Number of protein chains: 4
Amino acid sequence: MLHNIAVLTSGNDCPAMNACIRAVVRTAVHQGVHIWGVHNGYKGLVNDEIEELNTRSVGDMIQRGGTFLGIARSGEFFEEDGRRQGYENLKKHGIEGLIVIGGSGSIKGAATMSKEFGMPVIGIPATIENDVWGTDYTIGSDTAANTVVDAINKLRDTACAHRRIVLIEVMGKTSGWLAMTAGIAGGAEYVLVPETKSNIDQICEEIRADYAKGKKYSLLVVADGALKGMGVTTTELGKQIQEKTEIDTRVTVLGHIQRGGSPTVEDRINASMLGEKAVLAIINGKKDVVVGFDTGMVVEIPIDEATNNRKTLDTEFIRLSKVLA
Amino acid sequence: MLHNIAVLTSGNDCPAMNACIRAVVRTAVHQGVHIWGVHNGYKGLVNDEIEELNTRSVGDMIQRGGTFLGIARSGEFFEEDGRRQGYENLKKHGIEGLIVIGGSGSIKGAATMSKEFGMPVIGIPATIENDVWGTDYTIGSDTAANTVVDAINKLRDTACAHRRIVLIEVMGKTSGWLAMTAGIAGGAEYVLVPETKSNIDQICEEIRADYAKGKKYSLLVVADGALKGMGVTTTELGKQIQEKTEIDTRVTVLGHIQRGGSPTVEDRINASMLGEKAVLAIINGKKDVVVGFDTGMVVEIPIDEATNNRKTLDTEFIRLSKVLA
Amino acid sequence: MLHNIAVLTSGNDCPAMNACIRAVVRTAVHQGVHIWGVHNGYKGLVNDEIEELNTRSVGDMIQRGGTFLGIARSGEFFEEDGRRQGYENLKKHGIEGLIVIGGSGSIKGAATMSKEFGMPVIGIPATIENDVWGTDYTIGSDTAANTVVDAINKLRDTACAHRRIVLIEVMGKTSGWLAMTAGIAGGAEYVLVPETKSNIDQICEEIRADYAKGKKYSLLVVADGALKGMGVTTTELGKQIQEKTEIDTRVTVLGHIQRGGSPTVEDRINASMLGEKAVLAIINGKKDVVVGFDTGMVVEIPIDEATNNRKTLDTEFIRLSKVLA
Amino acid sequence: MLHNIAVLTSGNDCPAMNACIRAVVRTAVHQGVHIWGVHNGYKGLVNDEIEELNTRSVGDMIQRGGTFLGIARSGEFFEEDGRRQGYENLKKHGIEGLIVIGGSGSIKGAATMSKEFGMPVIGIPATIENDVWGTDYTIGSDTAANTVVDAINKLRDTACAHRRIVLIEVMGKTSGWLAMTAGIAGGAEYVLVPETKSNIDQICEEIRADYAKGKKYSLLVVADGALKGMGVTTTELGKQIQEKTEIDTRVTVLGHIQRGGSPTVEDRINASMLGEKAVLAIINGKKDVVVGFDTGMVVEIPIDEATNNRKTLDTEFIRLSKVLA
């Protein structure tokens, strides 16, 4: 059994990363294992910003957004020398295993270090885009979806008052999960996602027809990766729609508020369960896996499989959104 | 395939019942089936408060708490004559199947009518207590858990300011799910649930020891069914704890605000999925089942099995709460 | 005393317009006066979209964002012929006075009609920018300020996690009230407002010095009118700051979510008080005034004075923000 | 000019006490004055729990509920010997003036010490009940009103679903401000306050008549001091109303969640203004006053006048609530 493990956060921050770190620390302490925190992600790993944590370190943390360990990109860690430096820093503290909380790309970085130098790594998927292969859920996605729906509710008020078309751009480079989930829950008329091609002309015709029948507004949720093929920004798309429909159209790019905020109950609970699972797995000799949920149960996915693939949207959702719209 | 179905809400209202009705109506319309709404639950069924619904009936509904169909207890429906009257009212409108949204008890009532008169019934589990057998999830439970955690956050502020012990009583007659989920997510020190016996003397000793070590407050979440065996109310328990610990103690009984509020994304999505599933099942000849989620997938549970048993708390949660506290 | 009055909303919608309409309607009914609602603002006035309202028309309205009467710009109303048409439509229904809920520009339009045709008009200031001359308060401003602070809290989480500089652009063409109020309440380091010239170079130097001392993030709130003189957008300013400070910088343009949302208690109460006051004033022969608050008391401002001037930020606030930052 | 001042919080905690302490500290530092914090209120004053504060002490504080200085009742401080001890502890640290943040009773305690030993005292009114004489506003009242309205919204959902009468008990021993403000803003049908006698029989008759006309629910907000004369608790009143109306009635006692939560913008801004004002006043030789708002402007009220009287509800509000109901 391992007796010294470390945890770091990497990639983009998201809600409940702190809840996950808290569970990692308290589970380790509960198991009698020393737990170390790496500050500022891979940059801190290369620069040896590593300190031991204890139960108090994570008090009053479960409800906080962001990550108290901090995150910073590291050019050096993309090079073998940088990764060696990180490995040696861990070894210097007697650390025998590393837990990485972040998205696919971030976990992949540690996986490479593991291959090169034999440091056991376990990844915990944390990204509001919920696009990590092999797991139904990623930390922060539930809070982000509720944040987007809150914004949709506010935009509906003003859309309805002015009988406008409103486009709201949300995060989702390759996966439309956040856009689709928030779109269905927010009662949006259309959701544009990277997984399917949208016919703007047809949408405009439908909207015009709906307005002719007395509809007061129309809400479109646009994943920021959905327009890649179309070569327009969401703002430009808004202009096109206004020209085609001759209906006043507004665009809101929601931006970074999607990453912040106090986490929901689901994110706190799931982040806690994954944090505990990761610690129990790594101290018992598991290595190079990502812990996640598959049909509701905690599972382990080989780290290469999880990081070399990208999860896309369940087509069930796309169908459901059309039935309910 | 059926061409006329009805939907009613029964038992205690909870968040996302409206989102579920909306999905039932829109799925039926999408399938070309007539959908009828029964107002005021079983009382309205006996009194023939039945009208046809359409897509417009459920516009601007997904975000609303409560149930626009209303709920009312009916003494008559407990008698066979009352149930016959309800059955005949449905038949009078040409209705061939009934969807009931509510808790176990409510679904059981319709199941009895189904047995007696052959009206196909499908139940959709909706209760903030998440205690329906055979399903991991019941409609409204996620919103209620977030409402309780919001209250815990407010109580922590004042507990901490006055170095008090604070007890918060939440709903949970036979299941501690809501108390435990909110307790873990809210970072409560103790959670008292009906599934396990709590040792108050030991809790008091631990709290005294923690205060001696400088702890500033202690939060206990109490499911209202947890004290049944102890023959005290939560308010009386608070007095006992104050006497035993000699620490200022306060009790808040959260009450009916747990049942209200705009539903979370998870409740809106799940309520929509169960609503759609119930319609597809009943129009295709399924009968006398409850639709729910088992390890993340939509499943059908025989209605007697679902209503003659009561789900209790996953012991995994109890263990996790001790590790994280 | 007048026996028939009308109300319309104009300009940009904002929270608590519905609460104000509700108070106008209920006060009129309470006074035994017929109250008419003009749909879709001045466009509806010209097109005679006018119907009588009653207590039921405004049930379940106080908590809703937007305006159920709707708002639409009208080119015609900018012409005397259009205003004459609007005047005649009011007369046709026997309406003797008009209450306009909106910003300065909107109230000015009705004031002109009043001068030309003698229709008594009373304005109720409603704009999230709180820039109407002669009143300390405008409807919607308190809710908008809370919405901005909620966004600032979310942005702080991610700014702190990544040690970033974050700029948030909020509404405020000529007045920095919203930016400054939310900036102080949100604990922002800097607030850029139209009323004062900001020295970007100095700000960048200060931020670099603060980071050198260990500061983890910096938040700048930018009123969208603050950069007019500088000839840059907030997005471009963000790029400049990143170049000058060599610190990762992000920009969020908050946009239309600032106009929506369920109103706060203060906005509901003040909107109700102003609505009641406007009705009592107009039915008792007052005309061509704007009702507002001066040092906490409801007052009447001559409509020309209120619409020909623009209120700017209390310098007291600018001073306070520097003390607290 | 004074060079050493102290601040303490006393009485019951409320939202934005931390925002006020923050403004006191930062204003003092900005003025080059040493600022000391007394932990645990008067108990800490007697026990010399006093430490110097700086700008960092109040970082990340403006958004937090409660008070990081803590509050504790002190029997000793009710005695002259205890107050002398407190005075001597202040002197020992060279402290020349004391700022007390709390309700009337708390401020009175310091006023007595001031009379006896000549320590200059300035009070800052902080209580959710907004019942301090001479000021329109007390810290925390705006946040508490929004918390109550949030609860009313949730209770309306379930009241409407079940066609129930719902009573909600809120804080207000001698002043109905919180009940009335939240009642008007929440659209409650009735508000029971200590300032006026309520006729329960008449209320019951009106409710029965409204239900006969098709009303779906009725909400009563009850200030906990309103029933003193009637010799019943809110729970007992609920039973009486159910018997008299024969309509299903529920009671929720909101309790301590009213004192917690992250403060609203108005509370943060006003608490900051009062904190700054108190420091500027005391260091410039002002003593034995309470700082507050009168018709929107910051004013000073003689401490005896402020603490020997109790503000009651503006009758304007009572009238307005009847017009809008």
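Remember, predicted model here, so these are calculated numbers, not experimental data.

**Topic: the domain arrangement of chain A**
Residues and elements named next belong to chain A.
Stage number 1. Considered domain by domain, chain A is made up of domain 1 (4-140 + 263-308) and domain 2 (142-259).
Stage number 2. Computed over C-alpha atoms, the centres of domain 1 and domain 2 are 34 Å apart.
Stage number 3. Across the boundary between the two partners, domain 1 contributes 13 residues, which contact 13 residues of domain 2.
Stage number 4. In total, domain 1 and domain 2 occlude about 1,200 Å² of area from one another, counting both sides; carbon and sulfur atoms represent 49% of this.
Stage number 5. Linking domain 1 with domain 2 are zero salt bridges.
Stage number 6. Linking domain 1 with domain 2 are eight residue pairs in polar contact (both at pLDDT 80 or more).

**So, the interface of chain B and chain A**
Stage number 1. Each partner contributes to the interface: chain B provides 36 residues, whereas chain A provides 36 residues.
Stage number 2. Taking both sides of the interface into account, the surface hidden between chain B and chain A amounts to around 3,000 Å²; carbon and sulfur atoms contribute 62%.
Stage number 3. At the boundary of chain B and chain A, one finds two salt bridges.
Stage number 4. Inspection of the region where chain B meets chain A yields ten residue pairs in polar contact (both at pLDDT 80 or more).
Stage number 5. Going through the elements one at a time, helix 1 (17-30), helix 5 (141-162), helix 6 (177-185), helix 9 (265-283) and helix 11 (315-324) of chain B are the ones with two or more residues in the side of chain B that touches chain A.
Stage number 6. Of the residues forming the side of chain B that touches chain A, the biggest block, seven residues, is contributed by helix 9 of chain B.
Stage number 7. Grouping the constituent residues of the side of chain B that touches chain A by class yields 15 nonpolar, eleven polar and ten charged.

**Things to note about the relation of the copies chain B and chain A**
Stage number 1. For the pair chain B and chain A, the best superposition has an RMSD of 0.0 Å and corresponds to a rotation of 180° with a translation of 0.0 Å parallel to the axis. Taken together, these values place the two copies in the relation of a two-fold axis.
Stage number 2. Most of the interface of chain B is mirrored in chain A, where 100% of its interface residues again form contacts.

**Focus: helix 9 (residues 265-283) of chain A**
Residue and element names in this part refer to chain A.
Stage number 1. In this model, helix 9 (19 residues) spans 27 Å end to end at C-alpha, consistent with the 27 Å of a helix rising 1.5 Å per residue.
Stage number 2. In terms of burial, helix 9 is a largely internal element, 16 of the 19 residues being buried.
Stage number 3. In the segment just after helix 9, glycine 285 is the residue with positive phi, at about 95°.

**Regarding the environment of B:His39**
Residue and element names in this part refer to chain B.
Stage number 1. Within the fold, histidine 39 resides in the loop between strand 2 (34-38) and helix 2 (41-46).
Stage number 2. Taking the C-alpha atoms as reference points, histidine 39 and lysine 311, separated by 272 residues in sequence, lie 29 Å from one another.
Stage number 3. Ignoring any residue separated from it by four or fewer positions in sequence, one finds histidine 39 in contact with Gly44, Leu45, Glu49, Glu51, Phe68 and Leu69.

**Focus: the side chain of B:Thr135**
Residues and elements named next belong to chain B.
Stage number 1. For threonine 135, the location among the structural elements is in the loop between strand 5 (121-125) and helix 5.
Stage number 2. Polar side-chain contacts of threonine 135 include one of 2.8 Å to the backbone oxygen of tyrosine 137.
Stage number 3. At 2.9 Å, the side chain of threonine 135 forms a polar contact with the backbone nitrogen of phenylalanine 293.
Stage number 4. If sequence neighbours within four positions are ignored, threonine 135 has contacts with Pro125, Asn130, Gly292, Phe293, Ile301 and Lys311.

**A few points about the interface of chain D and chain C**
Stage number 1. Chain D puts 36 residues into the contact, and the matching count from chain C is 36 residues.
Stage number 2. For the pair chain D and chain C, the summed buried area comes to about 3,000 Å², and 62% of that belongs to carbon and sulfur atoms.
Stage number 3. It is D:Val265, D:Val323 and D:Leu324 in chain D that bury the most area against chain C; as a group they hold 20% of the surface buried on that side.
Stage number 4. In this structure, the connection of chain D to chain C is made through two salt bridges.

**A word on the UniProt feature "binding site: ATP" (unreviewed entry) in chain A**
All names here are of chain A.
Stage number 1. In the numbering adopted here, UniProt assigns the feature "binding site: ATP" (unreviewed entry) to Arg73 and Ser74.
Stage number 2. Position of arginine 73 among the secondary structure elements: in the loop between strand 3 (50-53) and helix 3 (80-92).
Stage number 3. Take arginine 73: its relative accessible area is 64%, and that puts it in the exposed class.
Stage number 4. Filtering out sequence-adjacent residues up to four positions away, arginine 73 remains in contact with Asn12 and Lys43.
Stage number 5. Position of serine 74 relative to the elements: it lies in the loop between strand 3 and helix 3.
Stage number 6. Excluding anything up to four places from it in sequence, serine 74 contacts Tyr42, Lys43 and Val46.
Stage number 7. Separated by 3.4 Å, the side chain of serine 74 and the backbone nitrogen of glutamate 76 make a polar contact.

**A few points about the pairing of strand 8 (residues 218-223) of chain B**
Remember that side chains alternate between the two faces of the sheet whenever the strand is regular.
Residue and element names in this part refer to chain B.
Stage number 1. In terms of burial, strand 8 is largely enclosed, as six of its six residues are buried.
Stage number 2. Of the two faces of strand 8, the one lined by Ser218, Leu220 and Val222 and the one lined by Leu219, Val221 and Ala223 are each fully buried.
Stage number 3. With three bridges joining them, strand 7 (residues 190-192) and strand 8 adopt parallel strand pairing. Across the sheet, residue tyrosine 190 finds its bridge partner in strand 8, namely leucine 220.
Stage number 4. Of the crossover connections in this fold, the one passing from strand 7 over helix 7 (residues 200-212) to the parallel strand 8 is right-handed.

**Description of the environment of D:Ser198**
Stage number 1. Summarising the element assignment, D:Ser198 is placed in the loop between strand 7 (190-192) and helix 7 (200-212).
Stage number 2. Along the primary structure D:Ser198 and D:Met230 are separated by 32 residues, whereas in three dimensions their C-alpha atoms are 9.4 Å apart.

**Some thoughts on the sheet that holds strand 1 (residues 4-9) of chain B**
All names here are of chain B.
Stage number 1. With respect to topology, seven strands assemble into an open sheet ordered 3-2-1-4-5-10-11, the strand pairing being mixed. Strands with a single pairing partner mark the edges of an open sheet, and in this sheet they are strand 3 (50-53) and strand 11 (297-302). Across this sheet, the average inter-strand angle for adjacent strands is 30°, counted without regard to direction.
Stage number 2. The sheet strands contacting helix 4 (residues 104-117) are strand 4 (97-102), strand 5 and strand 10 (289-294), and the helix crosses strand 4 at an angle near 165°.
Stage number 3. Taken strand by strand, helix 9 contacts strand 1, strand 4, strand 5, strand 10 and strand 11, and its axis lies near 140° from that of strand 10.

Reading the values: rules and limits
- Residues numbered from 1 in each chain as written.
- Chains lettered and ligands numbered in written order.
- Predicted model: local features only at pLDDT ≥ 70, side-chain atom pairs only at ≥ 80, totals over all residues.
- Heavy atoms only, no water.
- Domains from an automatic or database assignment.
- Contact = heavy atoms within 4.5 Å.
- Buried area = accessible area lost by both parts, 1.4 Å probe.
- Salt bridge = Lys/Arg side-chain N within 4 Å of Asp/Glu carboxyl O.
- Polar contact = N/O pair within 3.5 Å; in protein donor to acceptor, adjacent residues only side chain to side chain.
- Helix = DSSP H or I, 4+ residues; strand = E, 2+ residues; numbered from the N terminus.
- Nonpolar A, V, L, I, M, F, W, Y, C, P; charged D, E, K, R; others polar.
- Least-squares fit on C-alpha atoms with pLDDT ≥ 70 in both.
- Expected span 1.5 Å × (residues − 1).
- Buried < 20%, exposed > 50% of the residue type's maximum accessible area, 1.4 Å probe, protein only.
- UniProt positions renumbered as here; feature names shortened; annotations may be inferred.
- Pairing = 2+ DSSP bridges.
- Right-handed = clockwise from strand over helix to strand, strands pointing away.
- Axes fitted to C-alpha atoms, helices over the stretch in contact; angles between N-to-C directions.

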